[in-house]
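Below are the chains, spelled out letter by letter.
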Amino acid sequence: MDHQSHPEEPLQSSKSDSTEALATVQEAVSCHAEGSDGKHVRKSHHSQEMKGNLVSRLNRVEGQIRGIKGLIEKDTYCDDVLTQIAAAQSALNSVGKLLLEGHMKSCIVERIQAGEHEVVDELLVTMRKLMK
């Protein structure tokens with residue numbers, strides 16, 4: 001994050017990153033696995049490509065947060081710090097949107113097809129949390 005020379009330019013992912021990530025969302029397998037005790041355990045099932053994409057995005061967010069901390073330590077002008085905070089929030093929201101889309105296209109659909117309609121209420125609670 002080059003926060004000193006261009007504080008008004010938030011870090012944004014490219015459109016091709018988003019397109020690639022959305023394509024990998026559809027490579028879902030199953031949102032259930034059997035635990036060591038034989039019980040069904042809900043787990044994510046992201047492809048290695050999707051995991052890599054998410055981890056890369058989160059690493060960038062982590063770097064942004066460290067950069068923001070540095071700005072505060074250097075007494076950087078408040079508006080510049082706030083701009084970088086908004087950029088970090090936006091980047092984190094992008095990760096959430098990718099996860100939510102994958103969850104809806106795989107786990108939610110799968111559980112509804114299995115007759116587990118209570119998953120809709122679970123999804124609504126999650127969406128309320130994301131929209132705060």
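Keep in mind it's a predicted model, so treat the numbers as computed, not measured.

1. Topic: the confidence of the model for the protein
- Residue-level pLDDT values for the protein average 80, and 71% of them are 70 or greater.
- No element of the protein has a lower mean pLDDT than helix α1 (residues 15-25), which averages 45, and none a higher one than helix α2 (residues 48-73), which averages 96.
- Residue range residues 1-29 is modelled with pLDDT below 50. Its contacts to residues more than four positions away, or to other chains, number 48 contacts.

2. Focus: the layout of surface pockets
- Considering only enclosed or pocket space, the second largest pocket measures out at about 180 Å³ in volume.
- Lining the second largest pocket are L92, N93, G96, K97, L100, M127, L130 and M131.
- Listed by contribution, the elements that provide at least two residues to the lining of the second largest pocket are α3 (78-113) and α4 (119-130).
- Of all the elements, α3 adds the most residues to the lining of the second largest pocket, at five residues.
- Taken together, the residues of the lining of the second largest pocket sort by class into five nonpolar, two polar and one charged.

3. Structural notes on the packing of α3 against α4
- Viewed as axis vectors pointing N to C, α3 and α4 meet at an angle of 165°, and their least axial separation amounts to 10 Å. Here α4 runs roughly antiparallel to α3, going by the angle between their axes. The way α3 lies across α4 gives a crossing that is right-handed. Contacts from L100, H103, M104, I108, R111 and I112 of α3 reach α4 at V119, V120, E122, L123, M127 and L130.
- Split into classes, the residues belonging to the contact of α3 with α4 amount to nine nonpolar, one polar and two charged.

4. Quick look at unusual backbone geometry
- Even without glycine at this site, D75 takes up a positive phi of about 60°.
- Position of D75 relative to the elements: it lies in the loop between α2 and α3.
- Judged by relative accessible area, D75 falls into the exposed class, the value being 70%.

5. Here's the deal with the packing of α2 against α3
- Viewed as axis vectors pointing N to C, α2 and α3 meet at an angle of 165°, and their least axial separation amounts to 10 Å. Considering their axes alone, α2 and α3 lie roughly antiparallel with respect to each other. Considering the relative orientation of α2 and α3, their crossing is left-handed. Along its contact with α2, which presents M50, N53, L54, R57, L58, V61, Q64, I65, I68, L71 and I72, the element α3 presents V81, Q84, I85, A87, A88, A91, L92, S94, V95, L98 and L99.

6. Considering the pattern of salt bridges
- All told, the structure shown has four salt bridges when counted by the stated rule.
- A salt bridge links E62 to R66, with the nearest nitrogen and oxygen atoms 3.7 Å apart. Of the two residues, E62 and R66 are both situated in helix α2; the distance of four residues between them amounts to about one turn of the helix.
- With relative accessibility at 45%, the residue E62 sits in the partly exposed group.
- R66 gets classed as exposed once you look at its relative accessible area, which sits at 54%.

Rules of the game
Residues numbered from 1 in each chain as written. Predicted model: local features only at pLDDT ≥ 70, side-chain atom pairs only at ≥ 80, totals over all residues. Heavy atoms only, no water. pLDDT = per-residue confidence, 0-100. Helix = DSSP H or I, 4+ residues; strand = E, 2+ residues; numbered from the N terminus. Contact = heavy atoms within 4.5 Å. 1 Å grid on protein atoms, 1.4 Å probe; cavity = no way out; pocket = protein on both sides within 12 Å on 5 of 7 lines; lining within 4 Å. Points joined across faces, edges and corners; volume = space filled by probe spheres on them. Nonpolar A, V, L, I, M, F, W, Y, C, P; charged D, E, K, R; others polar. Axes fitted to C-alpha atoms, helices over the stretch in contact; angles between N-to-C directions. Parallel < 35°, antiparallel > 145°, perpendicular 65-115°, else oblique. Left-handed = near helix turned anticlockwise from the far one by under 90°. Buried < 20%, exposed > 50% of the residue type's maximum accessible area, 1.4 Å probe, protein only. Salt bridge = Lys/Arg side-chain N within 4 Å of Asp/Glu carboxyl O.

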